[in-house]
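Read off the chains here:
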Amino acid sequence: MNVHVVGCNHRSASIAVRERLAFSTEQARTALREFRDRFPGVEAVLLSTCNRIEFYTAAETDSSPSLEQVAGFLARFHGQDLKEILPLLYEYHGDAAIRHLFSVASSLDSMVVGEPQIPFQVKQAYQVAVESQTAGPLLHTAFQTALKVARRVASETTIQQRRVSIPSVAVSDFARQIFERFDDKRVLVIGAGEMAEETIRYLRAEGAGDITIVNRSAERAKELAHRTGGRPLAWEALPQALATADVVVSTTGAEEPIMTVQRFAEIEALRDQRPLFILDLAVPRDFDPAIADRPEVYLYSVDDLREVCERNRAERDKELPKARKIIDEETLRFAADWRHRATGAVIQQLRADWESIKEEELRRLFQRLSQLDERGREEVRQSFHRLLNKLLHPPMESLRDEARHGFPQALLDALSKLFQLKD
Amino acid sequence: MSGVSIICFAASYAVALALELTRLLFRSGVRGAIMLAFGVAGLFAHTLYLFYRVVESYQSAGALGGPFASQKEWYLIAAWLLAIIYLYLTCYHAKVPFGLFLLPLVLGLIGVGVFVADPRPMGREPASAVWGLVHGTSLLLATVAVLVAFVAGLMYLGQDWRLKTKAAISSGLRFPSLERLQQLNSRSLVIALIMLGVGILSGVALNFTRSPGQPPLPWNDPVVLVTISMFVWLLLTGVVGAAYRPARKGRRVIYFTLVSFVFLVIALWSVLSNMTQHLGRGGWRSGGTGRTAGVVHRLSIG
């Protein structure tokens, strides 16, 4: 199986290098087109996420490009120094490449194991390759199987159910205990940092649509709103925004609480006693902890969430061996199926030869037994058909068994020679 | 199959409840399936029991007695409906301990039906049979709806406490979201309000279509008063909720539900404690045979 992967990830290369080698979707399309021109007949899929850039290639023969060739292509495309990036790249061949792909798609190779975005990113990379016509039969099968394996890992283990980052725990383990749906909720984000952006991402994934961003620096609020599809609002409008919000995410760097109990009490009167989920991710805290005692207010700080993150991480680690076992099983199955599929031509030829012998013998027999009625002829036909299948069964089984351990070249050669099969 | 006894299904529900209680102690992968199996077995036996009771009442009375052959059966049917709701919710939300709240009510209703309620079968007269059936059914559904609203309310308060005290962080139990519980509570109360309305109206019709010679049920009967009070209370909370938004949000709505539950308990207690003429107590059943116009009415709570 000539599958080859060359790439770098969060373990092999720094973020600075990964940023230089990353591909946008448009760049990936261009790169795949150039790759196809440069290596005709080679299948290719390009996976580029924040944490990894990987080139999956496959070819029917041994014409898959080498590590140096792929590295050279990457370096040229991004205008980088080959000598600098070559030592940061890893490669896997054959079964190891398939196992790696399955691990990546199942998010076992991610920086945060079990993160839910990676199967989607793998699917997207595959779709781009399909649109660019660089995915062939081997990578079609490999990527479609990888997505199935990811679903199997997700359903048979709890690895993706356990969130381990603070924003994801806040949304999945806490906000969802208060609200059933988020598409009709108003989200207020106070601050415009990384944590705010990550939390918005999780809230968006849960369906939140109405997101308002308030920040002391209006410029940063605008930038974050632009990136996340939110609505920027002036800092002075914070009380009004708080009065209408259902979910509040606060991540400012303020040294004093931005919301005291007294100030909140004034806003509370305008809230019609609607439940309010406040996620105070700031250190020091933005909301006075005494606000948590107000009715219909559910206030959580980083410390409240950290405990859950740690517990989830431990639970997730317990599930890793089970997930790895699934990956191993699926890799073996995929490899065996693929090898078995590769023996199809020989089996087909053998069957065709025997079918033609069968038909010839049937014709001769029916000429001699002209008194046979149609029912009798059908019986004889069925009998010959069963005989042929029974004769073919042992060699096919032997080929399938051999394919589990490697490509059964010797057996195929023996079959070709024994039954005088033509190429 | 006719040998199915109350013990069969009560014991199945009790085992399911015991298994629900173990959720508080440890986690288990197979518990859900075992619990569901006991719940289904209980419901199956419960259904068979009620079916044979209907057949028996038909054989003894010579006419189809309907589901409300006695006060005892009224309670057993209410328990049966709650058991169906329990199984439905458990199938769709396997990780949520609905049984912790619903199964005690199921067992409680069975207990009242067996130990407190009147088991004597009653006949019926064709003129009042339809109104009696409507009256009994609507008040039965109203009772079940108030009980479901009560359970949703209790779970809401429990979830609110868990979230406030951060107990939800360390607890292995999973509750539905506050929003979902409030929805369940509100919808149950709307159903209860409609059913109570139908029950009261059909009760009035029943009182007017009584047999000649039968005394009417006095309008100041305790059960009638409590039922009407509960209806007015639910109507008022609905109207206030529609006009004043805070009244239909959060814990306040749940406290309203708890009051409705208290009304229900008083109504049931009035029926069971001979304080009323409502169910053929006193003058209503003095006709001798007990096959009066209020026969089906007797089985209702209101």
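Residues numbered from 1 in each chain as written. Chains lettered and ligands numbered in written order. Predicted model: local features only at pLDDT ≥ 70, side-chain atom pairs only at ≥ 80, totals over all residues. Heavy atoms only, no water.

## Focus: the pairing of strand E3 (residues 52–58) of chain A
All names here are of chain A. Counting buried residues along E3, seven of its seven residues qualify, which places the element largely inside the surrounding structure. Residues of E3 alternate between two faces, with Arg52, Glu54, Tyr56 and Ala58 on one and Ile53, Phe55 and Thr57 on the opposite face, all of them buried. Pairing geometry for strand E1 (residues 3–9) and E3, over seven bridges, is antiparallel. Across the sheet, Gly7 pairs through a bridge with Glu54, a residue of E3. Connecting strand E2 (residues 43–48) to the next strand, E3, in antiparallel fashion are three residues. (Buried < 20%, exposed > 50% of the residue type's maximum accessible area, 1.4 Å probe, protein only. Helix = DSSP H or I, 4+ residues; strand = E, 2+ residues; numbered from the N terminus. Pairing = 2+ DSSP bridges.)

## Side note on unusual backbone geometry
All names here are of chain A. Between Val283 and Pro284 the backbone carries a cis peptide bond, its omega angle lying at -5°. With respect to the helices and strands, the residue Pro284 is situated in the loop between strand E9 (276–280) and strand E10 (297–301). In this structure, Glu296 is a non-glycine residue whose phi angle is positive, near 65°. Tracing the backbone through its elements, the reader meets Glu296 in the loop between E9 and E10.

## Focus: the sheet that holds E2(A)
All names here are of chain A. Spatially, four strands are ordered E2-E3-E1-E4 in an open sheet, and the strand pairing comes out antiparallel. If you trace the sheet from one side to the other, it starts and ends with E2 and strand E4 (90–93), each paired once. Recorded for the sheet is a direction-independent mean angle of 15° between the axes of neighbouring strands. Examined bridge by bridge, E2 and E3 share six bridges and lie antiparallel to one another. (Axes fitted to C-alpha atoms, helices over the stretch in contact; angles between N-to-C directions.)

## Points about a nonpolar patch on the surface
Residue and element names in this part refer to chain B. On the surface, Val130, Trp131, Val134, Val190, Ile194 and Val198 cluster together into a nonpolar patch covering about 490 Å² of accessible area. Those elements giving two or more residues to the nonpolar patch turn out to be helix H5 (126–164) and helix H7 (178–208). Of note, Val190 is situated in helix H7. Its relative accessible area of 47% is what places Val190 among the partly exposed residues. (Patch = residues over 30% accessible without salt bridge, like charges linked within 9 Å, V, L, I, M, F, W, Y side chains within 5 Å. Areas by Shrake-Rupley, 256 points an atom, 1.4 Å probe, with all protein chains shown as cover. Salt bridge = Lys/Arg side-chain N within 4 Å of Asp/Glu carboxyl O.)

## Here we look at the interface of chain A and chain B
Facing the 28 residues of chain A at the interface are 24 residues of chain B. Both sides together, the interface formed by chain A and chain B hides about 2,200 Å², and carbon and sulfur atoms give 43% of it. At the junction of chain A with chain B, the criterion picks out two salt bridges. Note that A:Glu180 is salt-bridged to B:Arg180, the shortest N-O span being 3.2 Å. Taken together, chain A and chain B are joined by 14 residue pairs in polar contact (both at pLDDT 80 or more). Going through the elements one at a time, helix H8 (166–178), E10 and helix H13 (302–342) of chain A are the ones with two or more residues in the side of chain A that touches chain B. (Contact = heavy atoms within 4.5 Å. Buried area = accessible area lost by both parts, 1.4 Å probe. Polar contact = N/O pair within 3.5 Å; in protein donor to acceptor, adjacent residues only side chain to side chain.)

## Concerning helix H3 (residues 67–78) of chain A
Residues and elements named next belong to chain A. If you check H3, its first and last C-alpha atoms are 17 Å apart, about what 12 residues at 1.5 Å a residue would give, namely 16 Å. Looking at the packing, one finds that the buried side of H3 touches E1, helix H1 (15–21), helix H2 (25–38), E3, helix H4 (82–85) and E4. One or two residues past the end of H3 sits Gly79, with phi positive at roughly 65°. (Expected span 1.5 Å × (residues − 1).)

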